[in-house]
Each structure stands twice: as C-alpha cells, then as structure tokens.
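Single-letter residue listing:
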Amino acid sequence: MDFKIQNYLPFVFTSLFLIVVNFILGQNTTLKLYIFSAVVLIGGLPHGALDFFILKKRYSGKKFLLSLLIYLLIALSVFVLFYTNPLIIFILFLFYSAFHFGDSDFSNDPMISRLGWGSIIILLPLSLSSSEAVSFISLFVQDVKTLNSMPLFIVTIISFFLCIYPRKGRESKILLCSIYIVTIFFSNIYFAFASYFTAMHSVHHLKSWIPKLEAKTAPLLFLITLIVFLAVGLQLGFKIIQAPDQIISMEQNAVYTAITMLGALTVPHMILINRSK
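Let us look at the structure shown here. The numbers attached to residues start from 1 for each chain and follow its sequence in the written order. Note on the predicted model: pLDDT of at least 70 is required for a residue's local features to be given, and 80 or more for side-chain atom pairs to be given and counted; whole-chain, interface and lining totals, by contrast, use all residues. Based on all heavy atoms of the structure, the side-chain values leave hydrogens and waters out of the count.

What to know about helix α6 (residues 130–137)
Counted only if it meets this: Between buried and exposed lies partly exposed: a residue is buried under 20% and exposed over 50% of the maximum accessible area for its type, with that area taken using a 1.4 Å probe on protein chains only. Each helix is a run of DSSP H or I of at least 4 residues and each strand a run of E of at least 2, with the numbering of both proceeding from the N terminus. What the arc measures is the spread of directions leading from the helix axis to the C-beta atoms.
Taken as a whole, α6 has its buried residues at Ala 133, Val 134, Phe 136 and Ile 137. Viewed end-on, α6 has its buried residues packed into an arc of 160°, placing them on one side of the element.

Here it is, written out as structure tokens:
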C-alpha cells in the first residue's frame, strides 16, 4: 500500500461515526454489542462470500463443486469446534487472525513485518482496555477475571516496531495505528475492531479481488451474503448449536455467533487466498 489518505477514508469515517454512536449510546452496552455484531457481519460476510467467485475462477465443473464442498466442510468443522472446544479454538483464532490481517493488508512486506502488523490489530485492544478485553475473552474462556496488561503492552510495543521495520508503508501503518488507538479510547474495543475489520481489512480485500473476477458478481455476492446472514439469524433465534454456559444474554450470543461465524470462514478463506496469490 502506498501512503494515500484516500485509501483510508472509509476507515477514518467509520471510526468517527462509531465514536459518535458510542457517545450517543452512553452506557447502553447491550445495544453497542448488537451494533458490533452487525457491523462485523456486514463487513465480513461479503468479504468471505467473494471466495465463491475466486473458487469459480480457479476451478470449473466437478472440481469447482468439490472445492466448494471442501471449503464449506472446513468452515462448518471450525464453527462446531468453537462450540465444543471454545478455549483451544479461540486461542488458535487469535493467532491465525493476526497472521491473516498482516498477510492480507500488507502482503508485500517481509513476513516479520506482516506478523507484527497482524499482532498489533489483536493486541492493541487487549492491552489498552483490559476491562473490556476481559469481558470479550470471557465469552470464550470461562473464569477470566483479569489480564496482566504489562506483558501484553510489551509484546504490543515489540509488534509495533516489527511492523514498521520496512520504511515502505511506515507512514500508513502509523496513521492506521493512530486511528485505531483513538477509536479504542473514545469509543470501545468492539467498535475499534469493527471499524478496522469492516472499513479497512474488508474494503482492501474487496478492492483487490473484485477487478480480477467476472463482471456482474454483485447480485450473486449479495445473495450469498444474505444466505449466511439468515444462517446467523437461525442460530441466534433457534440456538441450533447450544451456546457455552458463559453466554447468558442475547447480546452476548450475538457477539459469540458473529465471531464464531467469521472465525470459521476465515480458515478456508486464508487457505484459498494463499493458494490464489
């Protein structure tokens, strides 16, 4: 990525919008969690649904159907594992998400820099707002009462210097980190991550891949996204897979379902994108 402010305007305006929303909502945590769930799904599902067209471009006929089946089976397996082994899968989710953010958003950087960038996106919310981080982690890990902020902060600083190691793109990363930190402090970690994921990571992915695919993909992309939204709605409404014991409210279930859905889709998505480069 070259340093052009227009590349980051969606992220800037989404962050500002969510800061304003956070101010308006005040202490209404319930509504904030619903908004977070909606925003990450709105950003993440079209981004993931695009994989259908990438598969279609790479394969044809029976190979396409087989690749699509394998893709869905991997996603379904990870989704079920989130509910049966939440602790292990959640830890793995943090690691592979960090790798994916760096590998996708700054793909031309050295590997150490990409790992640093992805780690920054995961670690900043955990190290700068420990109470909210504990609230989030407790959805996946039982009996989490506190986080040791100092080790997290040290690893975050190391990750930052690793991610700005190459001179190229350094200004972009400093700008993005600044926006991310401001959003964490003036709203919450949920809105900060939702803004980055939706208006930076997903937008960058869509801009990179849509020109490489067949024209007129938008209607089918919308349909696939809608189908997955319906699947999320069915899970929330009918609890097809029973949520873990620590999920005690509807808004917590919304966050849990949104994260597990995106986490499940991220695994086959990462495999496909890395094979398609």
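Thoughts on the environment of Lys 173
Our working definition: In this description, contact between two residues means that some pair of their heavy atoms is separated by no more than 4.5 Å.
With respect to the secondary-structure elements, Lys 173 resides in helix α8 (residues 170–186). The contacts of Lys 173, once residues within four sequence positions are left out, are Phe 106, Asp 109, Ser 113, Trp 117, Cys 163, Ile 164 and Pro 166.

Overview of helix α7 (residues 149–163)
Quick reminder of the rule: What a helix is expected to span follows from its residue count: subtract one and scale by 1.5 Å.
Between its terminal C-alpha atoms α7 stretches 21 Å, which fits the 21 Å expected from 15 residues at 1.5 Å a residue. All of the buried residues in α7 are Leu 152, Thr 156, Ser 159 and Cys 163. End-on, the buried residues of α7 take up no more than an arc of 65°, which puts them together on one face. Among the exposed residues of α7, those pointing more than 90 degrees away from its buried face are Met 150 and Phe 161.

So, the nonpolar core
Heads up, the rule is: The criterion is simple. A nonpolar core is a set of buried Ala, Val, Leu, Ile, Met, Phe, Trp, Tyr and Cys residues joined through side-chain atoms within 4.5 Å.
Counting residues in hydrophobic clusters, the biggest one holds 85 residues, and the most contacted among them are Phe 82, Phe 136, Phe 140 and Tyr 180. No other element matches helix α11 (residues 250–276), which puts 13 residues into this core. Sequence-distant contacts of Phe 82, that is, excluding residues within four places in its chain, are made with Ile 89, Phe 90, Phe 93, Tyr 96, Phe 140, Tyr 256, Thr 260, Gly 263 and Ala 264.

Description of the pattern of salt bridges
What counts, and what does not: By convention in these notes, a salt bridge is any Lys or Arg side-chain nitrogen within 4 Å of a carboxyl oxygen on Asp or Glu.
Here the structure, examined in full by the defined rule, presents 2 salt bridges. In this structure, Arg 114 engages Asp 103 in a salt bridge whose closest nitrogen and oxygen atoms are separated by 2.6 Å. Of this pair, Arg 114 sits in helix α5 (residues 111–128) while Asp 103 sits in helix α4 (residues 86–105); the two residues are 11 residues apart in sequence, bridging distant segments of the chain. With respect to burial, Arg 114 and Asp 103 carry one shared label: buried.

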